[in-house]
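Understanding the architecture of this molecule
Now for the letters of each chain:
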Amino acid sequence: MHSSVRKAVFPAAGLGTRFLPATKSVPKEMLSLVDKPLIQYGVEECAAAGLTQTIIVTSRGKTTIEDHFDLSYELEQVLERRGKADLLEAARAVARLTQVSYVRQAEALGLGHAVLCAREQVGPEPFAVVLSDDVIQSVAPCVGQLAAVHAKYGASVIALMEVPREQISSYGSVDAEEVSPGLYRIRSLVEKPKPAEAPSNLAIIGRYILTPAIFDSLTRIKPGAGGEIQLTDGMRHLLGSEPIYGLKFEGKRFDAGDKQGFLRATVEFGLAHPTLGGAFRDYLRGVTL
Ligand code: G1P
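Keep in mind it's a predicted model, so treat the numbers as computed, not measured. (Residues numbered from 1 in each chain as written. Predicted model: local features only at pLDDT ≥ 70, side-chain atom pairs only at ≥ 80, totals over all residues. Heavy atoms only, no water.)

1. Some remarks on the overall build of the protein chain
For clarity, the threshold we go by: In this description a helix means any DSSP run of H or I spanning at least four residues, a strand means any run of E spanning at least two, and both kinds are numbered starting from the N terminus. Computation of the radius of gyration draws on C-alpha atoms, with the globule rule given as 2.2 Å multiplied by the number of residues to the power 0.38. Using a 1.4 Å probe on the protein chains alone, a residue whose accessible area is under 20% of its type maximum counts as buried, one over 50% counts as exposed, and one in between counts as partly exposed. A contact between two residues is defined here by any heavy atoms of the two lying within 4.5 Å.
Each helix and strand in the protein chain was counted, giving eleven helices and 13 strands. A compact globule built from 289 residues would reach a C-alpha radius of gyration of about 19 Å, and the protein chain, at 19 Å, matches this within 12%. Along the first, second and third principal axes, the C-alpha atoms of the protein chain reach 60 × 50 × 40 Å. Within the protein chain, the proportion of its 289 residues that are buried is 48%. Sequence separation of at least 24 residues holds for 75% of the intrachain contacts in the protein chain that already meet a minimum separation of 6.

Below you can see the structure in the form of structure tokens.
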């Protein structure tokens, strides 16, 4: 699928505190879901949607992410010598997925600030933002679903999902008008509201297509929820000058940055795995509950 959106920004500078102690020295983005690190799922999703460039916003202690997307001559030589063609291909394919560049976020000042760090690399064009702990199982890549809406309206588009109201305080929540089935025009957005104050139970999920005007908005806002520069607040500012759309995407989303969500994702991605799935299904049938 082709899209006018070429670049995707992956904020990956967070501390991953929800997943301690696993994330004490391993970046959250590098936790392995079945046989690939979380961030690779997002990068593959973007590649499947026709995006070609990846900008990863990193911080101290995240160098394994950079190593992962490089070629690894030593490893490749060993696999070649041992005649392990499949494994060699799997290792090489990662480096071929996309063209990657990195930018550092020196201080954890929030998701909006992380996106702002990528301003130079993105330049004056629409771009995707992917939060790699939201892992999405779908037929059509979620980023591609959003890019199709962007291609039609030329505006920013965010992924939406209904959640139980008592859980809305973990998300950004939107006030929106449904303009066609599953497609919303956003009236306002609020980051991590109390359930009683949330405009709806429509939650923002970590996939966005944003116009470059978001960068200006991000420089104009004050710290919000948690004392951080929030992307949601930046988008609310952007609404003052541009429309924003929301799409209830097709697919199943897992919060793999959370221990329970990660376990669920492991089971479902394990079952769906092309070579491991069959035997795993047989195994699960025998598990005593
Ligand atoms: C971020 C966003 C939030 C969104 C969520 C989706 O929050 O700030 O608006 O609903 O991702 O996963 P975080 O989970 O990083 O606290």
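2. Side note on the environment of Ala148
Along the chain, the position of Ala148 falls in helix α7 (residues 142-153). Sequence-wise, Ala148 and Cys117 are 31 residues apart; in three dimensions their C-alpha atoms are separated by 26 Å.

3. Here's the deal with helix α9 (residues 231-238)
Of all eight residues making up α9, six are buried, and the element is well covered by its neighbours. Residues of α9 that are buried include every one of Leu231, Thr232, Asp233, Gly234, Met235 and Leu238, and no others.

4. Regarding the packing of helix α10 (residues 259-272) against helix α11 (residues 277-285)
Let me state the cut-off plainly: Fitted lines through C-alpha atoms serve as axes, helices being fitted only where they are in contact, and the angles separating the N-to-C directions of these axes extend from 0 to 180 degrees. Note that the term roughly parallel is reserved for angles under 35 degrees, roughly antiparallel for angles over 145, roughly perpendicular for angles of 65 to 115, and oblique for everything else.
One can describe the packing of α10 onto α11 by two numbers: an axis separation of 6 Å at closest approach and a directional angle of 125°. Considering the angle they form, α10 stands oblique to α11. Contacts between α10 and α11 involve Thr266, Val267, Gly270 and Leu271 on the former and, on the latter, Gly277, Phe280, Arg281 and Leu284.

5. So, the site of the ligand
Just so we agree on the cut-off: The near set for a molecule or strand comprises every residue that places at least one heavy atom within 4 Å of it. Here a polar contact means two N or O atoms within 3.5 Å. Within protein one must be a hydrogen donor candidate and the other an acceptor candidate, and residues neighboring in sequence count only if both atoms are side-chain atoms. Residue burial considers only the protein chains on display, and all accessible areas are found by Shrake-Rupley using a 1.4 Å probe.
Surrounding the ligand, one finds 13 residues, the nearest of these being Asp134, Gly172, Glu191, Lys192 and Ile204. Asp134 is positioned with one of its side-chain polar atoms (N or O) 2.8 Å from an oxygen atom of the ligand. Ile204 is positioned such that a nitrogen or oxygen atom in its backbone is 2.6 Å from an oxygen atom of the ligand. Protein chains shield 80% of the accessible area of the ligand, which is 380 Å² for the free molecule. The leading source of residues in the shell around the ligand is strand β11 (residues 202-210), at three residues.

6. With respect to the packing of helix α8 (residues 213-220) against α9
As a reminder of what qualifies: Left-handed describes a crossing in which the near helix is turned anticlockwise from the far one by less than a right angle; the clockwise case is right-handed. Residues are sorted three ways: Asp, Glu, Lys and Arg are charged, Ala, Val, Leu, Ile, Met, Phe, Trp, Tyr, Cys and Pro are nonpolar, and all the rest, Gly among them, are polar.
Viewed as axis vectors pointing N to C, α8 and α9 meet at an angle of 110°, and their least axial separation amounts to 8 Å. The pairing of α8 with α9 is recorded here as roughly perpendicular in orientation. Relative to α9, α8 is oriented so that their crossing is right-handed. On the side of α8, the interface is formed by Ala213, Ile214, Ser217, Leu218 and Arg220, while α9 contributes Leu231, Gly234, Met235, His237 and Leu238. Here the contact of α8 with α9 is composed, by residue class, of six nonpolar, three polar and one charged.

7. Digging into the pairing of strand β8 (residues 156-162)
Keep this limit in mind: We treat two strands as partners when DSSP finds at least two bridges between them.
Counting buried positions over the seven residues of β8 gives five, a clear majority of the element. As paired elements, β8 and strand β12 (residues 244-248) share five bridges and run parallel to each other. Its bridge partner lying in β12, Ile158 is registered against Gly246. Bridging between β8 and β11 involves six bridges; their strand directions are antiparallel. Among the inter-strand pairings, Val157 is bridged to a residue of β11, identified as Ile209.

8. Describing the packing of aromatic side chains
Inclusion rule: The rule is short: rings of Phe, Tyr and Trp, with Trp giving its six-membered ring, pair when the centres are within 6.5 Å, and they are stacked under 30 degrees, edge-to-face over 60, tilted in between. Working rule: Lys NZ or Arg CZ, within 6 Å of ring centre, within 35 degrees of ring normal, means a charge sits over the ring.
What the rule picks out here adds up to six aromatic pairs. Between Phe19 and Phe262, the ring centres sit 5.3 Å apart and the planes meet at 85°, which makes this aromatic pair edge-to-face. Remark: Phe262 occurs in helix α10 and Phe19 occurs in the loop between β1 (7-11) and β2 (32-33); sequence separation between them is 243 residues. The same class applies to Phe19 as to Phe262, namely buried. Over the ring of Tyr41 we find Lys36; its NZ or CZ atom is 4.8 Å from the centre of that ring.

9. Some points on the nonpolar core
Applicable threshold: Nonpolar cores were defined as sets of buried Ala, Val, Leu, Ile, Met, Phe, Trp, Tyr and Cys residues, with membership established by side-chain atoms within 4.5 Å.
In this structure, Phe10, Ile39, Leu51 and Val143 are the most contacted members of the largest nonpolar core, which totals 36 residues. Among the elements of the structure, β1, α1 (38-48), α2 (63-69), β6 (127-130), α7, β8, β11 and β12 are those that each provide at least two residues to this core. Of the residues forming this core, the biggest block, five residues, is contributed by α7. Leaving out residues up to four positions away in the same chain, Phe10 has contacts with Ile39, Gly42, Val43, Cys46, Thr54, Ile55, Ile56, Val57, Val130 and Ser132. Listed in part, the 33 residues of the second largest apolar core include Val9, Ile55, Ala176 and Tyr208.

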